[in-house]
Amino acid sequence: MKHLLSAMALTACVGAFAVPTLVAAADMDPKTMTCADFSAMDMDGMMKAVEMMHAASPDAATAMDEAAMKMANDHTTTACDGHPEMLAMDAMMMK
């Protein structure tokens with residue numbers, strides 16, 4: 001019972017922080033989002049941001065499956081590392 005209550009409390013705390021992150025991702029302009037903004041998000045927020053950046057990019061006509069979204073997220077995270085002022089969209093589009 002003790003573990004169940006701990007798990008429920010942890011779930012409630014995580015849920016309380018996830019909602020603002022998703023809202024933050026939805027409110028951001030993908031063309032002006034910096035790497036600092038992107039890095040401050042949780043995984044769900046980052047995936048939503050990647051989806052928004054892709055939709056705003058020249059490659060928007062090309063559909064992205066879940067694997068491509070994960071790869072774009074990983075690439076953006078790596079390219080942003082150490083460059084908080086860089087635009088996240090530029091980081092995602094780097095080859």
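Residues numbered from 1 in each chain as written. Predicted model: local features only at pLDDT ≥ 70, side-chain atom pairs only at ≥ 80, totals over all residues. Heavy atoms only, no water.

Undergrad: Explain the pattern of salt bridges here, please?
TA: Pairs can form between side chains of opposite charge whenever their charged atoms are close. Scanning the entire structure with this criterion turns up one salt bridge. Linking D74 and K70 is a salt bridge whose minimum nitrogen-to-oxygen distance equals 3.1 Å. Separated by four residues within a single helix, D74 and K70 lie in helix 4 (residues 66–80), roughly one turn from each other. (Salt bridge = Lys/Arg side-chain N within 4 Å of Asp/Glu carboxyl O. Helix = DSSP H or I, 4+ residues; strand = E, 2+ residues; numbered from the N terminus.)

Undergrad: What should I look at first to understand the nonpolar core in this one?
TA: One recurring pattern in soluble globular proteins is that nonpolar side chains are buried together. M33, F38, M41, M46, A49, V50, M53, M69, A72, A88, M89 and M92 together form the largest nonpolar core, which totals 12 residues. When residues of this core are traced back to their parent elements, those giving at least two are helix 3 (43–55), helix 4 and helix 5 (88–93). In terms of residues, this core owes the most to one element, helix 3, which gives four residues. What A49 contacts, discounting residues up to four positions off in sequence, is M33, F38 and M41. (Core = buried A, V, L, I, M, F, W, Y, C linked by side-chain atoms within 4.5 Å. Buried < 20%, exposed > 50% of the residue type's maximum accessible area, 1.4 Å probe, protein only. Contact = heavy atoms within 4.5 Å.)

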